[in-house]
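Listed here are the chains, written in short residue letters.
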Amino acid sequence: MRFDGWAGRTAYERSAALAAAHRLMLERKEALAQLMTREQGKPLRMARNEVGYAADFLSWFAEEAKRNYGETIPSARADQRFLVLHQPVGVVGAITPWNYPISMLTRKIAPALAAGCTVVLKPAEQTPLCAVATFEVLHDAGIDPGVVNLVTTSDPETVGGELVGHRSVRKVAFTGSTEVGKQIAATAARTVKRVSLELGGHAPFIVLDDADPVRAAKGAAAVKFLNTGQACICPNRLFVQRALADEFVATLQQRFERLVAGAGATDGVTVGPLIDDAALDKMERQVADAVDRGANVVTGGHRLVDGGLDRGCFYAPTLLTQVTPDMAIYREETFGPIAPVIVFDTEDEVIAMANDTEYGLASYVYTNDLSRAFRLMERLDYGMVGVNDINPTSAAAPFGGVKESGLGVEGARQGLAEYLDTKLVGIAL
Ligand code: NAP
């Protein structure tokens, strides 16, 4: 079906197709989760959560499809009327990463289809099977090939370049690294395309001295080990106010040492492998650099090889203290199971350190003082702030970064607007 065919369907028809896809994805939840664990490695429980999250976008945008309201605007002239229409941007080119190999697809496809756009998607080369299975759900739910199209490739530059550069593609939706996102934005600019970019993060996790250090440490450990640290919202720098530092670090250490690394489908496994050897190398490089510059390894700090783990890319859950701004880990996105702790004394000091990065995706604050919570949430230069909350994400809430973490948002009411052009109609009576 051509773009016009899908755009010409009523919002109710598009909504019904997305609702059917939502039902079918939930029916196939277990099979999709098993496939994801085999292909990408995350523990099965987390894979099931991801499929649920992925399905939420189909459901949410099935509803939002019916709420693409226009506007009328009063004119200064008695014989004039203004209408504002929101129309689909056209063909969408989508490019997705391996770390969330189903939800990053539905987070783009669902709003695009709801708006009336058609989609050509290039998944990550490490997770094509999850993409194929997701497209099977969409096609089996009655969304025609031609409306949603999948192109797998091991040549991202050529295929991605064609998708981003082609004149017929009017919008690019990208999730991935900041480095590739910048190239995509530059290529898209040549044909003045709309872009939304969900890029890297370097999340601060701030624990103020009125918080409960044990609860904060439990939260930090849980969100750090989302997908073995391979999530854009994983905390990358843990800032703790001096009075709580010892208790916070001790609880983190206990939590880290309790984690069980292994194959994601094995019962009881809580930490999966890293995606590839390059990721392992990065862990080794960041830890070596930190240790050289004076960091203390509280636990971990090495590759895991016992019990057959040498056959995969496993790295021990690692806790570092005495981390300083001259270390690579203080500046670079880690994307793995290493947590650097930095002790601070004042609110102003921690805000300055937290904001001292080109990234601006997720951030976290633990405090029981409402005034401090407001001061921090307002002064942190991040697209998302979790206050005593490690999971400020939902299909209903806008997900996105500021600074070099991205442009635009996914999910929520605002997520639909990313796929709509505004058209003004002036009518003289
Ligand atoms: P990546 O290397 O940027 O790859 C992302 C996608 O872009 C893949 O499909 C990749 O294809 C493709 N690609 C690579 N080079 C390209 C090029 N020159 N032109 C067009 N496409 C190209 O990122 P990744 O390592 O897969 O993902 C990890 C990054 O994603 C992290 O930085 C993480 O923070 C970020 N992320 C952000 C969010 C968010 O919502 N903000 C969510 C998840 C992940 P190949 O697979 O073939 O290389």
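Residues numbered from 1 in each chain as written. Predicted model: local features only at pLDDT ≥ 70, side-chain atom pairs only at ≥ 80, totals over all residues. Heavy atoms only, no water.

*Asks:* Can you walk me through empty space enclosed by the protein in this structure?
*Replies:* In total, this model carries one cavity of 30 Å³ or more according to the counting rule given. Residue lining of the largest cavity: Gly201, His202, Gly229, Ala231, Cys232, Cys234, Asn236, Glu333 and Phe335, and that is the complete set. Considered class by class, the residues forming the lining of the largest cavity number four nonpolar, four polar and one charged. (1 Å grid on protein atoms, 1.4 Å probe; cavity = no way out; pocket = protein on both sides within 12 Å on 5 of 7 lines; lining within 4 Å. Points joined across faces, edges and corners; volume = space filled by probe spheres on them. Nonpolar A, V, L, I, M, F, W, Y, C, P; charged D, E, K, R; others polar.)

*Asks:* Teacher, can you tell me more about the pairing of strand β14 (residues 384-387) here?
*Replies:* Looking down a regular strand, the side chains alternate between one sheet face and the other. What you see with β14 is a clean split: Met384 and Gly386 sit on the buried side and Val385 and Val387 on the side with no burial. In this structure, strand β13 (residues 362-366) lies alongside β14, joined through four bridges in parallel fashion. Within the sheet, the bridge partner assigned to Ser363 lies in β14 and is Val385. The handedness of the β13 to β14 crossover, carried by helix α14 (residues 370-379), is right-handed. (Buried < 20%, exposed > 50% of the residue type's maximum accessible area, 1.4 Å probe, protein only. Helix = DSSP H or I, 4+ residues; strand = E, 2+ residues; numbered from the N terminus. Pairing = 2+ DSSP bridges. Right-handed = clockwise from strand over helix to strand, strands pointing away.)

*Asks:* I keep staring at the layout of surface pockets and nothing clicks. Help me out?
*Replies:* Roughly 1200 Å³ of volume is contained in the largest pocket. As for the largest pocket, its lining consists of 41 residues, and the residues nearest its centre are Trp98, Phe174, Gly176, Ser177 and Val180. Secondary structure elements with two or more residues in the lining of the largest pocket: α5 (103-115), α7 (156-165), β6 (169-175), α8 (178-189) and α11 (277-292). Mapped onto the domain boundaries, the lining of the largest pocket takes at least three residues apiece from domain 1 (4-199 + 401-428) and domain 2 (203-387). Approximately 750 Å³ is the volume found for the second largest pocket. The set of elements that each furnish at least two residues to the lining of the second largest pocket consists of α4 (44-64), α5, α9 (213-224) and α10 (245-258). Counting residues per element, the lining of the second largest pocket draws most heavily on α4, at five residues. Shared between two domains, the lining of the second largest pocket takes at least three residues from each, and those domains are domain 1 (4-199 + 401-428) and domain 2 (203-387). (Domains from an automatic or database assignment.)

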